[in-house]
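Results of the structural survey
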4 protein chains.
Amino acid sequence: MSFASDNWAGAAPEILDALARANDGAVPGYGGDALTKAVEEKFSDLFERDCAVFFVATGGAANGLALSVMTPPYGMVLCHEESHVQMDECAGPEFFTGGAKLLPIAGPNGKLTAAAVEKTLAGFPDRPPHGAPIRALSLTQGTECGTLYSVDELSAVCATAHDAGLLVHMDGARFSNAVAAADATPAELSWKAGVDVLCFGGTKNGCIAAEAVVFFDPAMAKDFEFRRKRAGHLWSKMRFIAAQFDAYLDNNLWLGLASHANAMAQRLAEGLKEIEGVEFLYPTDINELFLTFPQGVATKLREGGDVFYPWITPGDRAGGRANRPICSFRTTEEEVDAFVERVAKASA
Amino acid sequence: MSFASDNWAGAAPEILDALARANDGAVPGYGGDALTKAVEEKFSDLFERDCAVFFVATGGAANGLALSVMTPPYGMVLCHEESHVQMDECAGPEFFTGGAKLLPIAGPNGKLTAAAVEKTLAGFPDRPPHGAPIRALSLTQGTECGTLYSVDELSAVCATAHDAGLLVHMDGARFSNAVAAADATPAELSWKAGVDVLCFGGTKNGCIAAEAVVFFDPAMAKDFEFRRKRAGHLWSKMRFIAAQFDAYLDNNLWLGLASHANAMAQRLAEGLKEIEGVEFLYPTDINELFLTFPQGVATKLREGGDVFYPWITPGDRAGGRANRPICSFRTTEEEVDAFVERVAKASA
Amino acid sequence: MSFASDNWAGAAPEILDALARANDGAVPGYGGDALTKAVEEKFSDLFERDCAVFFVATGGAANGLALSVMTPPYGMVLCHEESHVQMDECAGPEFFTGGAKLLPIAGPNGKLTAAAVEKTLAGFPDRPPHGAPIRALSLTQGTECGTLYSVDELSAVCATAHDAGLLVHMDGARFSNAVAAADATPAELSWKAGVDVLCFGGTKNGCIAAEAVVFFDPAMAKDFEFRRKRAGHLWSKMRFIAAQFDAYLDNNLWLGLASHANAMAQRLAEGLKEIEGVEFLYPTDINELFLTFPQGVATKLREGGDVFYPWITPGDRAGGRANRPICSFRTTEEEVDAFVERVAKASA
Amino acid sequence: MSFASDNWAGAAPEILDALARANDGAVPGYGGDALTKAVEEKFSDLFERDCAVFFVATGGAANGLALSVMTPPYGMVLCHEESHVQMDECAGPEFFTGGAKLLPIAGPNGKLTAAAVEKTLAGFPDRPPHGAPIRALSLTQGTECGTLYSVDELSAVCATAHDAGLLVHMDGARFSNAVAAADATPAELSWKAGVDVLCFGGTKNGCIAAEAVVFFDPAMAKDFEFRRKRAGHLWSKMRFIAAQFDAYLDNNLWLGLASHANAMAQRLAEGLKEIEGVEFLYPTDINELFLTFPQGVATKLREGGDVFYPWITPGDRAGGRANRPICSFRTTEEEVDAFVERVAKASA
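In short, a report on the structure. Note that this is a predicted model, so its numbers are computed, not measured. (Residues numbered from 1 in each chain as written. Chains lettered and ligands numbered in written order. Predicted model: local features only at pLDDT ≥ 70, side-chain atom pairs only at ≥ 80, totals over all residues. Heavy atoms only, no water.)

Observations regarding the pairing of strand S5 (residues 167–172) of chain B
All names here are of chain B. The condition is simple: For each residue, the accessible area found with a 1.4 Å probe, counting protein chains only, is set against the maximum for its type, and the residue is called buried under 20%, exposed over 50%, and partly exposed in between. Secondary structure follows DSSP: runs of H or I at least 4 residues long count as helices, runs of E at least 2 residues long count as strands, and numbering of each begins at the N terminus. A pair of strands counts as paired when DSSP detects no fewer than two bridges linking them. A clockwise path from the first strand over the helix to the second, with the strands pointing away from the viewer, defines a right-handed crossover.
Counting buried residues along S5, five of its six residues qualify, which places the element largely inside the surrounding structure. Here five bridges tie strand S4 (residues 134–140) to S5, and the two strands are oriented parallel to one another. Among the inter-strand pairings, Leu139 is bridged to a residue of S5, identified as Met170. A crossover links S4 with its parallel partner S5, the connecting element being helix H7 (residues 151–163), and its sense is right-handed. In this view, the connection linking S5 to its parallel neighbour strand S6 (residues 197–201) by way of helix H8 (residues 175–181) has right-handed handedness.

Observations concerning the relation of the copies chain D and chain C
Here is the rule: When the copies are overlaid, the least-squares fit takes in C-alpha atoms only where the residue has pLDDT of at least 70 in both copies. Here a residue-residue contact requires only that any non-hydrogen atoms of the pair lie within 4.5 Å.
When chain D is brought onto chain C, the operation consists of a screw motion whose angular component is 180° and whose axial shift is 0.0 Å, with 0.0 Å RMSD remaining. On the angle and the small slide along the axis, the relation comes out as a two-fold axis. Judged by C-alpha distance, Ala231 of chain D is the residue of chain D that lies nearest the rotation axis, at 3.7 Å. When you check the interface residues of chain D against chain C, 100% turn up at the interface there too, and the contact is symmetric in its surfaces.

A few points about the environment of Gln295 of chain B
You can see Gln295 of chain B is positioned in the loop between strand S9 (291–292) and helix H12 (297–303). It is 46 Å that separates the C-alpha atoms of Gln295 of chain B and Gly232 of chain B, two residues lying 63 residues apart in sequence.

Digging into the pattern of salt bridges
Definition in use: Salt bridges are identified by distance alone: a Lys or Arg side-chain nitrogen within 4 Å of an Asp or Glu carboxyl oxygen.
Taken as a whole and assessed by the stated rule, the structure comprises 48 salt bridges over all chains. With a shortest N-O distance of 3.9 Å, Lys42 of chain D and Asp250 of chain D are connected by a salt bridge. In this pair, Lys42 of chain D is assigned in helix H2 (residues 34–46) and Asp250 of chain D in the loop between helix H10 (239–249) and helix H11 (253–273), connecting sequence segments 208 residues apart. Since its relative accessible area comes to 26%, Lys42 of chain D is described here as partly exposed. Bridged by salt links that share partners, the residues Asp6, Arg174 and Glu288 of chain A form one connected network.

Notes on the packing of helix H2 (residues 34–46) of chain C against helix H10 (residues 239–249) of chain C
Residue and element names in this part refer to chain C. To be explicit about the condition: Only the contacting stretch of a helix is used when fitting its axis, a line to C-alpha atoms as for every element, and angles between N-to-C directions run 0 to 180 degrees. Should the near helix be turned anticlockwise from the far one by less than a right angle, the crossing is left-handed, and should it be turned clockwise, the crossing is right-handed. Amino acid classes used here: Ala, Val, Leu, Ile, Met, Phe, Trp, Tyr, Cys and Pro are nonpolar; Asp, Glu, Lys and Arg are charged; the rest, including Gly, are polar.
With their axes 9 Å apart at the nearest point, H2 and H10 run at an angle of 35° to one another. At the point where H2 passes H10, the crossing takes the left-handed sense. Note on element contacts: H10 touches H2 through Arg239, Ala242, Ala243, Phe245, Asp246 and Leu249, opposite Leu35, Thr36, Val39, Lys42, Phe43 and Leu46. Residue classes in the contact of H2 with H10 are distributed as eight nonpolar, one polar and three charged.

Topic: the packing of aromatic side chains
Between two aromatic rings, the relevant description is the distance of the centres plus the angle of the planes. Test applied: Stacked, edge-to-face and tilted are the three classes for Phe, Tyr and Trp ring pairs, Trp counted by its six-membered ring, which pair at centre distances within 6.5 Å; planes under 30 degrees apart are stacked, over 60 edge-to-face, the rest tilted. Here, a charge over a ring means that NZ of Lys or CZ of Arg falls within 6 Å of the ring centre while also lying within 35 degrees of the ring normal.
Enumeration according to the criterion identifies 100 aromatic pairs over all chains in this entry. Ring geometry for Phe43 of chain B versus Phe245 of chain B: centroids 5.4 Å apart, planes at 80°, classification edge-to-face. Pair noted here: Phe43 of chain B is in helix H2 (residues 34–46) and Phe245 of chain B is in helix H10 (residues 239–249), with a separation of 202 residues, a long-range link. Note on accessibility: Phe43 of chain B and Phe245 of chain B belong to one class, buried. For the ring pair Phe200 of chain B and Trp254 of chain B, a centre distance of 5.7 Å and an interplane angle of 65° mean the geometry is edge-to-face. Placement of Phe200 of chain B in strand S6 and of Trp254 of chain B in helix H11 (residues 253–273) is noted, with a sequence separation of 54 residues between them. In this structure, Phe200 of chain B and Trp254 of chain B share a single accessibility class: buried. Put simply, the rings of Phe43, Phe47, Phe55, Phe175, Phe200, Phe216, Phe245, Tyr248 and Trp254 of chain A pair up and form one aromatic cluster. In this structure, Arg49 of chain A is placed above the aromatic ring of Trp191 of chain A, and the distance from its NZ or CZ to the ring centre is 4.6 Å.

Observations concerning the interface of chain D and chain C
As a reminder, the rule being used: Put simply, buried area is how much 1.4 Å-probe accessible surface two parts lose in total, over both of them, once they are put together. Counting of polar contacts relies on pairs of N or O atoms within 3.5 Å, with two restrictions inside protein: one atom must be capable of donating a hydrogen and the other of accepting it, and residues adjacent in sequence are counted only when both atoms are side-chain atoms.
With 48 residues of chain D in contact, the opposing surface of chain C contributes 48 residues. Here chain D and chain C share an interface that buries about 3,700 Å² over both sides, 61% of which is from carbon and sulfur atoms. Three residues, Phe95, Arg230 and Lys237 of chain D, lead the burial of chain D against chain C; their summed loss comes to 21% of the area buried on that side. Run the count over chain D and chain C and you get zero salt bridges. If you look at where chain D meets chain C, you find 25 residue pairs in polar contact (both at pLDDT 80 or more). When contributions to the side of chain D that touches chain C are tallied by element, the ones reaching two or more residues are helix H1 (13–22), helix H3 (59–68), helix H5 (92–97), helix H9 (224–230) and H10 of chain D.

Observations concerning the sheet that holds strand S4 (residues 134–140) of chain A
Residue and element names in this part refer to chain A. Strand order in the open sheet formed by seven strands is S1-S7-S6-S5-S4-S2-S3, with mixed pairing between adjacent strands. The open sheet is flanked by strand S1 (52–56) and strand S3 (101–105), the only strands paired with a single partner. Taking the axes of each pair of neighbouring strands and ignoring which way they run, one obtains an average angle of 20° across the sheet.

Here's the deal with the relation of the copies chain A and chain B
In summary, the two copies of the chain are related to each other by a rotation about an axis coupled with a shift along it. Under the fitted operation, chain A is carried onto chain B by 0.0 Å of movement along the axis and a turn of 180°, and the coordinates agree to an RMSD of 0.0 Å. Comparing interface residues between copies, 100% of those in chain A also sit at the interface in chain B, which points to an isologous, same-surface contact.

Thoughts on the side chain of Asp33 of chain D
Residue and element names in this part refer to chain D. Heads up, the condition is: His is not counted, nor are the chain ends; Lys and Arg add positive charge and Asp and Glu add negative charge.
Looking at the element boundaries, Asp33 is found in the loop between H1 and H2. We note that Asp33 is buried and unpaired, the nearest opposite charge coming from Arg239 at a distance of 6.1 Å. With sequence-adjacent residues up to four places away left out, Asp33 is seen in contact with Val27, Pro28, Met238 and Arg239.

Quick word on the sheet that holds strand S9 (residues 291–292) of chain C
All names here are of chain C. If you walk across this open sheet you meet the four strands as S8-S9-S11-S10, and the pairing is antiparallel. With partners counted over all chains shown, the strands left at the sheet margins are strand S8 (279–280) and strand S10 (309–310), one partner each. With two bridges joining them, S9 and strand S11 (residues 322–324) adopt antiparallel strand pairing. Across the sheet, the residue bridging to Leu291 is Asn323, located in S11.

What about the packing of helix H6 (residues 114–123) of chain D against helix H7 (residues 151–163) of chain D?
Residues and elements named next belong to chain D. Quick reminder of the rule: Relative orientations are named as follows: roughly parallel for angles under 35 degrees, roughly antiparallel for angles over 145 degrees, roughly perpendicular for angles from 65 to 115 degrees, and oblique for any other angle.
At a minimum axis distance of 8 Å, the contact between H6 and H7 shows a crossing angle of 20°. With respect to each other, H6 and H7 are oriented roughly parallel. Every pair of crossing elements has a handedness; the one defined by H6 and H7 is right-handed. Facing H6, whose interface residues are Ala114, Val117, Glu118 and Leu121, H7 presents Ala156, Val157 and Thr160. Its residues assigned to classes, the contact of H6 with H7 comprises five nonpolar, one polar and one charged.

Everything listed is a geometric property; what it means functionally is a separate question.
This is how it looks when you write it as structure tokens:
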């Protein structure tokens, strides 16, 4: 049974259907087609604000390209020490920005706190041109640790950043899961809380390869199109990313898929919490669980065919014993219940 | 009627079907799945040689990433002055290589000749560390001018390059059209003629977004995987590029689609040649035509709804009057004949 | 006898004396000292305009850093095909700019002409985001071919560039020789003719290592200080570059040294012109000669201990037989006359 | 009285004299001269081993260029969180390496410990191609905190790095002070302890602008010359850096100057320790002191004309009250004693 990653799941049928529908006729390339324009505009509706929106195929591209217009190449970007931009993109942000520095900050449950950001800023007083000037802050919603910033937490971090003159980037690879989990609108979880640029992910939540870089201030995007093209991220047949987002936004498919994944994770968490010896590292706010099994149990489960990744990070205090089961839009109740049962058996 | 670009055409139905088939079940991400492995291996069959193969979504990514392992950041890459890497990728190769220089060379019909390469090399004698050392040569097959290198022409250029210690990159965005047009195998048109790395394109020929970087010496690819990841070009759901290539290579779909596009271009060329005042800039070897219409005709056609791009390049001698109609796998005989008729009428 | 390069000459005694004078006491580092501030201001006097001035140690750094604030990393810079930025900096401008493209243009006597620039621009119509946008033009005064742009020639090229929205960079490694040769002021040969940023060289004309990047619009320099620091070109003991320029500008030392070098080159040219079989490639406007000797003569001279470099470039039509004797501020009449005599003897 | 920085001091007279001596005659540029060759070889004597040596003018250039051949652009470099490469080079290492990541590690007294390095490595298990592979470790001797790694401490860190497959870079901007303070040879404090590449500084210790990048394995330097040139760090009149090092190494000038600076710092530390309320943050191993004065004293001293920098870093726990007086080769006993007296008076 695979709880390896939400990207192990394939695509939602609605997404595949949309590709087929979009395949009709000859239309302009490179995003000049009507569908792309129309879907870009849907984001302004979704976020209740005029946005500049750009589609790419991967989250790494979205994050790196977004940051490349938010910091000069000699600038510095604050981020959580366990964030995807810091840990999982093979120095992608440094590549896209032309050498900007990421400054990793520790924080509980994968979250930056206003206090930690302030303390970090205090250690880097403005010393031009010796110190690389801090120009942006990147945070992740839902976090790499499966948790959720509340609107208040988010607003506090963003306010601290803005007070210091920083722009705020949100890695929203699991923004859908965050919205589904929070009692808040997309706008409230992004620009209303102070986010300047959001990378809104589709890939982990039922798309094939679809990420949207959303600029809440369109003026900030002014040279993004050149940077996307230069990096090989402007699709000639752009309609096929637009079509994914068309279906994704239609009828709140994005929210439904994410809610399901979250619900499966909750069910899994509830089941596993009952088992003696299973310890959780973080709250299960979205669709990821971080936990340690009793000694020997992970090995037994893997030998039996269960798949989930170990989780080792700089902030991890579980001594290399943490695991990260993930639920996706495709995970079923039966799969969850069966897995809980196997864990219980292996732990007995 | 659209003769704007082969990328205005959508996807072949076989490609869409393959996506749906690949969607089954949870499989490892990032190319660790069985399908990706299997399709990578198909390239070794196709090219009659052990290859290291990497999939990406765009031609710009394929070219830039390939060049990034063929030249150091302070190196120089010879290319045709009208090539895609020089003219159409918004300085992408410079970005991916970390600042290598492209050195544009003129040549008839979009082709580099051994003589022109030799002359260029003579003007750049080795002067370390002042002159950026020339480390690679990039050529395009079929060319940006719709022409084809014969095996002999290709071998001569590659030999000149190798004699000077350069590696040879082939931009094969329209390699399928080239193979379809040549009386030669894929191997003969690539490594047997001296090509070290081929970017084998699918997107312009019926795929959605699928390009393969093929290293004929797998050792040369050793850090490619890091570079692809860093640039945001490693898909998490890689099976969906693999599936496209699976269908593309199956039953020689790639060759059939390209042959059709080429045949339509031939038909169009033959029709237009009969019309007085239509002048061709280059031979029509593959699926692109480069020509000037009689004064006023292009405007009339465009007003009537025909779509084709003007073609202005450093090497263009048509005084800004050239146009580039392209045929795709979807172009029909009826469309071709109707367009010829409209041109004839407008030119009368 | 060495006519190898003006950088083979050491430093003028006034420059060394100035270092000793500047050595007194503890003064702020990184350009915060009074001497640096004072010398920076001297440039505003020299150029009859408020300038922002930054000192670095090499011409490659000056050019690369200047260009890095004149073009985005995805931009394109027009330059002469034999220019130093294109031929002799090991892809330095590409490095400093983060991957901008240099587009080399041919032109007689090492000069860009307005016509050639216009023709080049016509071949690169604006096609965002496919074509890298042309954002700057770089020219060299005096040129790499030992020639001089007249004020009219210069103004015409700059006007063409400005009309197309480009900024103009002047590589002035031998700007002193140019001013000494022209009947014009430094202002007339730079901003009054349309130059936006000048790299004013000291190193080739009697300094140890001293180049000034002069922004005629100080606002354009706004992030230069970060870029200079990041690239390791901000000296901690900056007073030692400032001191060189202090002496260099004092009493017009710069002009005197350059006038002498030019005069020696004139004397050498006049002497060599009398010798049958010596052919000049370009006019001798400043302190460099480009010529071919009769067959076998260069070898004989070198065997006899004379030192001068061969000159091979893309634009060179001398079949690899060109040579480039250079005179410096230290060259003497006796050295010139003796060399002419040896050439005459070897050519007899 | 200035205790601001060792780079506020000018140059030692022996260094200026050497420039004058080196100024004789025309010699090859770009390091092709006999003096440069000879001085490069002196380093092999000094370090008791065949070295490849490259001269540049600044420490930032030395560090950045050294690291650029020790890590790929997608690699990661471990360093102390208060190191110069991390804090004071405006993202220079990221620029020179083409985007490699620096990973800052905390540690007492400005030092990396083997244990901290091991713990960091454990948090970054090998996950190609997601995690940027850790390829190098950079440490500073003497440290940014004025402390000294013992041979044993150094060997332990290097061994940990080598066991993990990393190369070791040593920022030796104050290597002279370190050797002067340690009971060890230059070889024992560098390659014998496991250092692969040393940036040996002259500028902070009496040179004008002179830093040597020393590769203990010459093969590792293979493309350094291209990178130095590309970055504008190859001096045309290289003899003027070589001359500085010639005098610096002659008669152990470097050691004498550093010993003096260290002795003055010891004298200053001893004097200040007697004053109630002066608290030291770190041991005073070399020529820098880190301390807090009693409330109000720093202000009084500065108002009286004393100059020293505040010291604020991420690792600093002095609440923004730390100061960093530095002694140089020029500091006198009288200056030290007078300063101690003024501090005593202000603190009374």
